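Topology and contacts: notes
Take a look at the letters that make up each chain.
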Amino acid sequence: MLKKHPLALYITWIVALAVIPLPFILTNSQLTTDYEDLFAYDVGILAYVWWLVIIFLSTRPR
């Protein structure tokens, strides 16, 4: 369905990979630790959300 509309496909992937983890990263900014630790937490949040997206896409019903 989205193969006929490449712009919609790209926007969907941007939302899935960038916008979904954004609230978690913004909540993370309230922690009072070093910037190196906050960066590591942010990368961990991105990896976890991307992992959840991968699981969702691999187990979706046909």
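In short, a report on the structure. (Residues numbered from 1 in each chain as written. Predicted model: local features only at pLDDT ≥ 70, side-chain atom pairs only at ≥ 80, totals over all residues. Heavy atoms only, no water.)

**Some remarks on the overall build of the chain**
Across its full length, the chain carries 3 helices and 0 strands. Its helices and strands in sequence order give the chain the pattern α-α-α, from N to C terminus. Seen along its three principal axes, the alpha-carbon backbone of the chain occupies a region of about 45 × 25 × 15 Å. Taken over 62 residues, the chain has a buried fraction of 11%. Summed over its atoms, the accessible surface of the chain is roughly 5,600 Å², and 72% of this surface lies on carbon and sulfur atoms. (Helix = DSSP H or I, 4+ residues; strand = E, 2+ residues; numbered from the N terminus. Buried < 20%, exposed > 50% of the residue type's maximum accessible area, 1.4 Å probe, protein only. Areas by Shrake-Rupley, 256 points an atom, 1.4 Å probe, with all protein chains shown as cover.)

**Describing a nonpolar patch on the surface**
A surface patch of nonpolar side chains, amounting to about 440 Å² of accessible area, comprises Leu7, Ile11, Val15, Val19 and Ile20. Looking at where Ile20 falls in the secondary structure, it is placed in the loop between helix H1 (6-19) and helix H2 (22-28). The class for Ile20 is partly exposed, based on a relative accessible area of 41%. (Patch = residues over 30% accessible without salt bridge, like charges linked within 9 Å, V, L, I, M, F, W, Y side chains within 5 Å. Salt bridge = Lys/Arg side-chain N within 4 Å of Asp/Glu carboxyl O.)

**Focus on the packing of aromatic side chains**
The final tally for this structure, using the stated rule, is 1 aromatic pair. Here the aromatic rings of Tyr48 and Trp51 are separated by 5.8 Å at their centres, their planes lie at 35 degrees, and the arrangement is tilted. Placement of the pair is Tyr48 and Trp51 together in helix H3 (residues 35-59), with a separation of 3 residues, close to one helical turn. For Trp51, a relative accessible area of 46% puts it in the partly exposed group. (Phe/Tyr/Trp six-rings, centres within 6.5 Å; stacked < 30°, edge-to-face > 60°.)

**Notes on the environment of Ser58**
Secondary-structure assignment places Ser58 in helix H3. Accessibility expressed as a relative area gives 54% for Ser58, which makes it exposed. Spatially, the C-alpha atoms of Ser58 and Ile25 are 25 Å apart, while their sequence positions differ by 33 residues.

Just geometry here; none of it tells us what the structure is for.
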